[in-house]
Amino acid sequence: MRLGLAFGGCSFEHEISIVSAISVCKILPQVEFCIFLDLEHQFYWIPKSKMSSKLFSSGEYKKCKQLVLGAMDFYVKGLMGHSKLGVECVLSLIHGGDGEDGVFSSLLDFYRIPYIAPRPDACVLSYDKALSKVYAQSRGVKVLPFEVYDRNNAPKELADYPAIIKPLRLGSSIGVGVVGSAQELDYYLDSAFEYDDRILVEPFVAGVREYNLAGFKDKNGEIVFSVIEEPQKKEFLKFEDKYLDFSRTQSVAEASVGTDLQIKLKENFAKLYHQCFEGAIIRCDFFVIDDEVYLNEINPIPGSLANYLFEDFSQVIDQIFIPNTRRIRVDYTYIHQIQRAKGKA
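Rules behind the numbers
- Residues numbered from 1 in each chain as written.
- Predicted model: local features only at pLDDT ≥ 70, side-chain atom pairs only at ≥ 80, totals over all residues.
- Heavy atoms only, no water.
- Pairing = 2+ DSSP bridges.
- Helix = DSSP H or I, 4+ residues; strand = E, 2+ residues; numbered from the N terminus.
- Core = buried A, V, L, I, M, F, W, Y, C linked by side-chain atoms within 4.5 Å.
- Buried < 20%, exposed > 50% of the residue type's maximum accessible area, 1.4 Å probe, protein only.
- Domains from an automatic or database assignment.
- Contact = heavy atoms within 4.5 Å.
- Axes fitted to C-alpha atoms, helices over the stretch in contact; angles between N-to-C directions.
- Parallel < 35°, antiparallel > 145°, perpendicular 65-115°, else oblique.
- Nonpolar A, V, L, I, M, F, W, Y, C, P; charged D, E, K, R; others polar.

1. Overview of the sheet that holds strand E8 (residues 115-116)
No. 1: The eight strands lie next to each other as E6-E5-E4-E3-E2-E1-E7-E8, forming an open sheet whose pairing is mixed. The sheet is open, and its two edges are formed by strand E6 (81-84) and E8, each paired on a single side.
No. 2: Both strand E3 (residues 43-46) and strand E4 (residues 65-70) contribute to a ladder of three bridges, which runs antiparallel. Directly across from Phe43, in E4, lies its bridge partner Leu67.

2. Topic: the nonpolar core
No. 1: By size, the foremost hydrophobic cluster in this structure holds 64 residues, and its most contacted members are Phe7 and Ile46.
No. 2: If one sorts the elements of this core by residue count, helix H8 (residues 259-273) sits on top with six residues.
No. 3: Counting residues domain by domain, this core receives three or more from each of domain 1 (3-117) and domain 3 (207-319).
No. 4: Excluding its chain neighbours within four sequence positions, the residues that come into contact with Ile46 are Phe7, Cys34, Phe36, Met51, Leu55, Phe56, Tyr61 and Cys64.
No. 5: Among the nonpolar cores identified, the runner-up in size contains 18 residues, and Ala6, Phe33, Val76 and Tyr115 belong to it.

3. Some remarks on the environment of Ile94
No. 1: Looking at the element boundaries, Ile94 is found in the loop between strand E7 (89-92) and helix H3 (103-110).
No. 2: Residue Ile94 is classed as buried on the basis of its relative accessible area of 0%.
No. 3: Separated by 91 residues in the primary sequence, Ile94 and Leu3 have C-alpha atoms spaced 15 Å apart.
No. 4: Look past the residues within four positions of Ile94 in its chain and what remains in contact with it is Ala6, Phe7, Gly8, Gly9, Ser17, Leu37, Gly99, Glu100, Phe104 and Ile301.

4. Observations concerning the side chain of His14
No. 1: Turning to its location among the elements, His14 is positioned in helix H1 (residues 14-27).
No. 2: Those residues in contact with His14, other than ones at most four positions away along the chain, are Gly8, Gly9, Phe36, Leu37, Asp38 and Leu39.

5. Overview of the packing of helix H4 (residues 120-127) against helix H5 (residues 129-138)
No. 1: Where H4 meets H5, the axes come as close as 5 Å, and the angle between the chain directions of the two elements is 105°. Here H4 is positioned roughly perpendicular relative to H5, judged by the angle of their axes. Here Val124, Leu125, Ser126 and Tyr127 of H4 lie close against H5, whose contacting residues are Lys129, Leu131, Ser132 and Tyr135.
No. 2: Grouping the constituent residues of the contact of H4 with H5 by class yields five nonpolar, two polar and one charged.

As structure tokens, this is what we get:
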């Protein structure tokens, strides 16, 4: 399978996507093409040998060949026309807007290009944190209580402190803050609204246990789980703490989790994944409070695709089930009937 790795995109997580792609290229021999989507929505074919952060920060990537999307492939722009690049499947590492919001997945569906990433409907549910929680509840997965506000009805006061304020449609802890008192509220509201017009507020639970679990559905229809990770213990992981995760390539040690909790975490993951996220490698972040499992967030395109949670990530790419795009056949029978009825056959 000639694999194309897509990354970049026009979002606050643009740079994170670049870091993720550089890391994945180092460990994934199947990647044959690196496809960069810049802030102007132009695609570029980046040679693997040139994949470095400086290439993008300096703007040197613009010297690489430009690509355009077309029927069942990317095409290289040339003086004598366009030629096929030869991509057989796209692995999306476009975090945030353009990627996790479903825009890129919709483009790939439109041009009938196979891809490893959430389908558009799954993106809609996981990109918006409030929709994710409603979706989880509909699948029998517990979530913490939450409220959603926009700029025009920002809260003047919160019922309880401390609380967490998050931009509704953003990841990597960007714009996220823990509000400890009413005096801090305006500051953290301004910080969150800098990145999104809508925010989510939920209680901050001190001493909560947190576990990360990734997985995918294989070609036999079974969910393959990663190891369960217990993130480094801090009261709250800021963007700077998480940023390093996007360049991780070394496997992590599995958390010391009892059998009963392992089963609970995997059962909740499966409830969220089945009949929604097929074709994608996702990571779910769970809280455990009083031995009950709660969904924190769904990461539809996790940093570096959570490669560090799998023993052999190259096998993951070979095993994943990729849904086929449904083809519609039209033979114009209806129009022909109308034409004959009007004597215009």
